[in-house]
Amino acid sequence: MITIRKTKFNVNSTEGRLLLLVLLSEISTLVSGSTGDRTQFFRNCRENCERTNCSLNGKEIQEQAVKFYKQSIFDLITQWTCADECQYACMWRTVFAFFERGWPIPQFYGKWPFCRLMGMQEPASVFFSLLNFLMHLRMLRKFRREVRDDSPCYILCHIFGLTSLNGWIWSSIFHTRDNPLTELLDYACGYAVVLSCLYCMIMRMLHRYSLFLRGVITLAFVSYYINYFAYLSLGKLNYSFNMKVNVCTGLLSAVGWFIWCHQVRTRRPYFRRILRFYVLFALAMSLELFDFPPILWILDAHALWHLSTIPLVSVYYNFMIEDCCTLRKEKALKGDYSLAYTYNKNI
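Residues numbered from 1 in each chain as written. Predicted model: local features only at pLDDT ≥ 70, side-chain atom pairs only at ≥ 80, totals over all residues. Heavy atoms only, no water.

> What's the story with the UniProt feature "transmembrane region" (unreviewed entry) in the protein chain in this structure? I'm lost.
UniProt tags residues 153-173, 185-202, 211-231, 243-262, 274-297 and 303-321 as "transmembrane region" (unreviewed entry). Regarding residues 274-297, the helix share stands at 50% and the strand share at 0%, and the terminal C-alpha atoms are separated by 35 Å. (UniProt positions renumbered as here; feature names shortened; annotations may be inferred. Helix = DSSP H or I, 4+ residues; strand = E, 2+ residues; numbered from the N terminus.)

> Explanation requested: unusual backbone geometry in the structure shown.
Most peptide bonds take the trans form, and the phi angle of most residues other than glycine is negative. Positive phi is not limited to glycine here, since tyrosine 109 has a value of about 55°. Relative to the assigned elements, tyrosine 109 resides in the loop between helix H4 (82-100) and helix H5 (123-146).

> I keep staring at the packing of helix H7 (residues 180-205) against helix H8 (residues 211-233) and nothing clicks. Help me out?
In a pair of packed helices, the angle between the axes and the distance between the axes together describe the arrangement. At a closest axis distance of 11 Å, the pairing of H7 and H8 adopts a crossing angle of 160°. Overall, the two elements H7 and H8 adopt an arrangement that is roughly antiparallel. Every pair of crossing elements has a handedness; the one defined by H7 and H8 is right-handed. Residues Leu184, Leu185, Tyr187, Ala188, Cys189, Tyr191, Ala192, Leu195, Leu198, Tyr199, Ile202 and Met203 of H7 form the contact with H8, whose own contacting residues are Arg214, Ile217, Thr218, Phe221, Tyr224, Tyr225, Tyr228, Phe229, Leu232 and Ser233. (Axes fitted to C-alpha atoms, helices over the stretch in contact; angles between N-to-C directions. Parallel < 35°, antiparallel > 145°, perpendicular 65-115°, else oblique. Left-handed = near helix turned anticlockwise from the far one by under 90°. Contact = heavy atoms within 4.5 Å.)

> How should the packing of aromatic side chains be read in this particular structure?
Two descriptors summarise a pair of aromatic rings, namely the distance from one centre to the other and the angle between the planes of the rings. Across all of its chains, the model carries 30 aromatic pairs by this definition. Ring geometry for tryptophan 80 and tyrosine 88: centres 6.2 Å apart, planes at 75°, overall edge-to-face. Accessibility assignment for this pair places tryptophan 80 and tyrosine 88 in one class, buried. Ring centres 5.1 Å apart and planes at 85° place the aromatic pair phenylalanine 277 and tyrosine 278 in the edge-to-face group. Grouping residues by exposure puts phenylalanine 277 and tyrosine 278 together as buried. Linked through ring pairs, Phe160, Phe258, Phe277, Tyr278, Phe281, Trp305, Tyr316 and Tyr317 together constitute an aromatic cluster. (Phe/Tyr/Trp six-rings, centres within 6.5 Å; stacked < 30°, edge-to-face > 60°. Buried < 20%, exposed > 50% of the residue type's maximum accessible area, 1.4 Å probe, protein only.)

> Before we go on, may I ask you to explain the packing of H7 against helix H9 (residues 239-264) in this structure?
Remark: H7 packs on H9, axes separated minimally by 9 Å, with the N-to-C direction vectors making an angle of 20°. When the interaxial angle is binned, H7 and H9 end up roughly parallel. Considering the relative orientation of H7 and H9, their crossing is left-handed. The residues of H9 that touch H7, namely those facing Glu183, Tyr187, Gly190, Tyr191, Val194, Leu195, Cys197, Leu198, Met201, Arg204 and Met205, are Tyr239, Asn242, Val245, Asn246, Thr249, Gly250, Leu252, Ser253, Gly256, Trp257 and Trp260. Considering only residue class, the contact of H7 with H9 consists of 13 nonpolar, 7 polar and 2 charged. (Nonpolar A, V, L, I, M, F, W, Y, C, P; charged D, E, K, R; others polar.)

> How should I be thinking about the side chain of aspartate 186 in this particular structure?
On the secondary structure map, aspartate 186 appears in helix H7. It is lysine 111 that comes nearest to the buried, bridge-free aspartate 186 among opposite-charge side chains, at 7.8 Å. Ignoring anything within four residues of it in the chain, the contact list for aspartate 186 reads Trp170, Ser171 and Phe174. (Lys, Arg positive; Asp, Glu negative; His and termini not counted. Salt bridge = Lys/Arg side-chain N within 4 Å of Asp/Glu carboxyl O.)

> Before we go on, may I ask you to explain the state of the cysteines in this structure?
Covalent bonding between the sulfur atoms of two cysteines defines a disulfide. All told, the structure shown has 3 disulfides when counted by the stated rule. Two residues share a disulfide in this structure: cysteine 45 and cysteine 90, whose sulfurs sit 2.1 Å from each other. Handedness of the cysteine 45-cysteine 90 disulfide follows from its S-S torsion of about -80°: it is left-handed. Here the residue cysteine 45 occupies a position in helix H2 (residues 40-53), and cysteine 90 occupies one in helix H4, the gap between them amounting to 45 residues. Among the residues examined, cysteine 90 registers a relative accessible area of 0% and is labelled buried. Each sulfur of the disulfide joining cysteine 54 and cysteine 82 lies 1.9 Å from the other. Disulfide cysteine 54-cysteine 82: torsion about the S-S bond near -80°, hence left-handed. Placement of cysteine 54 in the loop between H2 and helix H3 (73-77) and of cysteine 82 in helix H4 is noted, with a sequence separation of 28 residues between them. By relative accessible area, which is 4% here, cysteine 54 ends up buried. (Disulfide = S-S within 2.5 Å.)

What follows is the structure, given as structure tokens:
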């Protein structure tokens, strides 16, 4: 982490009065709470910093300024450039200018200001994403220990598990360093997790139907995801549309499982596990509706959302473990399932 030279802001100086007037004029024309990077104060600070301390391409710190810029080994590994450092330092100058005057904390480029830690832009979200990854890994190993590989729907847990592991890896990378590539992969792989939940729900309902039918549905899901990934890759990411697609896909999964729970409530008492998962997941997701400046400049609503999903992982896997074991027992007792296309109540 580095600091910008001449960081003191003296409101009694001529420069301070001018900067304050510019800042006030910007505030009067912009929406409160999301104005940081659009203020002239921030822009002037960043331009002056880059012109004084950075190379022409903005990547290297000029030799005469190296002693003022002390980057850690983590900053170098995560490739914080001189321009990035100027943006980070000027962000905090702007935040302090707002704070001293009692104005709402501003956002910068759509995000709240976070304290950088070991090169990570959003350390709490990174930490909780890694915990989610470890929880999925632990539960997937538990599934493999307790469920035989010839059990019905055995492969579905692996599809969900591997997709989730990949999604949380990219979540950790994105919250460490936010750039167009990591943002794309975080959103695309995150949606893959949501889509895999819908796919596993449908395949669970159709596990006794023909391989041809399940293959056609699988091909449709793969084709759809490839097209959606291509959509996200082209042009500027539409955050609002992506959120709506995620919510709609998640709702379809929840509705499908709720219908299943109603139909099997007298035959499969463990239906409460998947019901509990989706109810708690909906409650956890409500954290995304709150938007507040980070507590201690580290913990925000999004990080709390990642934290809340950690204990829910075991609920989902425990349901799949019990369901697969039950299906295998039924298969052993009744012999191989009929491949009829008619609706089967023993789902």
